[in-house]
Amino acid sequence: MHTVWKGSISFGLVNIPVKLHAATENKDVKLRQLHKDCHTPISYKKVCEGCNQEVKDEDIVKAYEYAKNKFVVLDPDDLENLRKENEDKAVEIIDFVQLTEIDPIYFERTYFLSPDSTGAKAYSLLRKTLEQSGKIGIAKIIIRSKEQLAIVRVYQNALVMETIHYPDEVRSIGDVPNIPSEQDVVQKELDTALMLVEQLTTTFNPEKYTDDYRNALLELIEEKKATNTISTSDKQRPIPENVTDLMTALQASLEKTKKPATRKRTTRTKKNA
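Rules used in this analysis
- Residues numbered from 1 in each chain as written.
- Predicted model: local features only at pLDDT ≥ 70, side-chain atom pairs only at ≥ 80, totals over all residues.
- Heavy atoms only, no water.
- Helix = DSSP H or I, 4+ residues; strand = E, 2+ residues; numbered from the N terminus.
- Buried < 20%, exposed > 50% of the residue type's maximum accessible area, 1.4 Å probe, protein only.
- Contact = heavy atoms within 4.5 Å.
- Areas by Shrake-Rupley, 256 points an atom, 1.4 Å probe, with all protein chains shown as cover.
- Salt bridge = Lys/Arg side-chain N within 4 Å of Asp/Glu carboxyl O.
- Disulfide = S-S within 2.5 Å.
- Pairing = 2+ DSSP bridges.
- Axes fitted to C-alpha atoms, helices over the stretch in contact; angles between N-to-C directions.
- pLDDT = per-residue confidence, 0-100.
- Polar contact = N/O pair within 3.5 Å; in protein donor to acceptor, adjacent residues only side chain to side chain.
- Expected span 1.5 Å × (residues − 1).
- Core = buried A, V, L, I, M, F, W, Y, C linked by side-chain atoms within 4.5 Å.

Caption draft 1: Structural view of the overall build of the protein chain. If you tally the helices and strands in the protein chain, you get 5 helices and 11 strands. The buried share of the protein chain, reckoned over its 273 residues, is 16%. When contacts within the protein chain are restricted to residue pairs at least 6 apart in sequence, those whose partners lie at least 24 apart make up 58%. Accessible surface, the protein chain: about 23,400 Å² in total, of which carbon and sulfur atoms supply 52%.

So, in structure tokens, the structure goes:
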């Protein structure tokens, strides 16, 4: 399992070397975009709106737009030093709370925590402590240059870390339009609704629920493969003007020399990039 972060978690004077692994994966069926006429895949380029030119990665800097078209450019070295300054710190559990105190709206992403080679004993101690106390730990961690608030809890026989949103990242319910004010509910309608809830109440079994749309889409794709309704593009990507590969440049030069001798020479005008 791929390691996305490596460091340590501490509570009190106990230090636990751990590795972080993504606990979930996105299984959406990814569809490519093709040109309708020739079914060639569409590519995307980074283009400068001011110069109307394609921009290379090394020519791009990061900036914060504090007002319309007004930016504070951030130096890459400053960002890297800031990231290292915070990322090198151990993750410290700063509080212990009840899981039921945290509304699900705060939850973001779940990671499995595995102990490093020397951390098994301390890992087991934290796991047993959380199990018997019925509490979860609140901690902070830097992941991908962003400081995250997180919880540490027990899932089956493992510790998991779930990143959660900061309070200012959760939008105010007052900004949601058209929420009705408190209204009187007809008791007969409420009783019927409660009866329906009771009839549909069961024990949660995650295996019961499946992604019907994804399964149907995969079936459709397999049907089309089986009936040979498959499209293959014969188009080749055009060779860019600034060819850097020597062999590609030589082959392109040979192709240009194969023009019929009777063909009239035309003057080409270079289009703006």
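Caption draft 2: Fine view of the pattern of salt bridges. With the rule as written, the count across this model stands at 7 salt bridges. Measuring nitrogen to oxygen at the nearest pair gives 3.6 Å for the salt bridge that ties Asp-211 to Arg-214. On the accessibility criterion, Asp-211 (32% relative accessible area) is partly exposed. Salt-bridge contacts for Glu-222 lead to Lys-225; the nearest nitrogen and oxygen are separated by 3.5 Å. Here Glu-222 pairs with Lys-225, and both are found in helix α4 (residues 212–226), just 3 residues apart, close to one helical turn. Overall, the relative accessible area of 46% leaves Glu-222 in the partly exposed class.

Caption draft 3: Quick peek at the environment of Ala-158. As for its placement among the helices and strands, Ala-158 is situated in strand β11 (residues 158–164). The buried category is assigned to Ala-158, whose relative accessible area is 18%.

Caption draft 4: Here's a closer look at the state of the cysteines. Tallied over the entire structure, the rule returns 0 disulfides. No disulfide involves Cys-48; its sulfur sits 3.7 Å from that of Cys-51, the nearest cysteine. Look at Cys-48 and you get partly exposed, because its relative accessible area is 27%.

Caption draft 5: Here's a closer look at the sheet that holds strand β8 (residues 107–115). With mixed pairing, the 7 strands of this closed barrel are ordered in space as β1-β2-β8-β11-β10-β9-β7. Ignoring which end each strand starts from, the neighbouring axes of this sheet average 40° apart. Here strand β2 (residues 14–22) pairs with β8 via 5 bridges, running antiparallel. Bridge pairing in β8 places Lys-19 opposite Ser-114.

Caption draft 6: Up close: the confidence of the model for the protein chain. Here the protein chain shows a mean pLDDT of 81. Residues at 70 or above account for 81%. Mean pLDDT across the secondary structure elements of the protein chain bottoms out at helix α5 (residues 246–256), with 59, and peaks at β11, with 94. Taken as a whole, residues 262–273 scores under 50 in pLDDT and shows 3 contacts with residues more than four places along the chain or in a different chain.

Caption draft 7: Representation of the side chain of Glu-162. Looking at the secondary structure, you find Glu-162 in strand β11. Looking at Glu-162, its side chain comes within polar contact range of the side chain of Thr-110, at 3.3 Å. What Glu-162 contacts, discounting residues up to four positions off in sequence, is Phe-107, Arg-109, Thr-110, Leu-149, Ala-150, Ile-151 and Arg-153.

Caption draft 8: Highlighting the pairing of β8. When β8 meets β11, the two strands line up antiparallel, connected through 6 bridges. Bridge pairing in β11 places Leu-113 opposite Leu-159.

Caption draft 9: Molecular detail of α4. Here α4 contains 15 residues, and its C-alpha end-to-end distance of 21 Å stays within 8% of the 21 Å for a straight helix at 1.5 Å per residue. With a side-chain oxygen positioned 3.3 Å from the backbone nitrogen of Tyr-213, the residue opening α4 is Asp-211. Phi for Asn-228, located one or two positions after α4, is positive at around 60°.

Caption draft 10: The arrangement of the nonpolar core in detail. With 22 residues, the main nonpolar core has Ile-9, Leu-20, Leu-113, Leu-126, Ile-141, Val-152 and Met-161 as its most contacted residues. At the level of elements, β1 (5–11), β2, β7 (91–97), β8, α2 (120–133), β9 (136–143), β10 (146–155) and β11 are the ones that each hand at least two residues to this core. Per-element accounting of this core gives the leading share, 4 residues, to α2. Among residues more than four places away in sequence, those in contact with Val-152 are Ile-9, Ile-93, Leu-113, Leu-126, Leu-130, Ile-136, Gly-137, Val-160 and Met-161. Listed in part, the 7 residues of the second largest apolar core include Ile-102, Ile-136, Leu-149 and Tyr-166.

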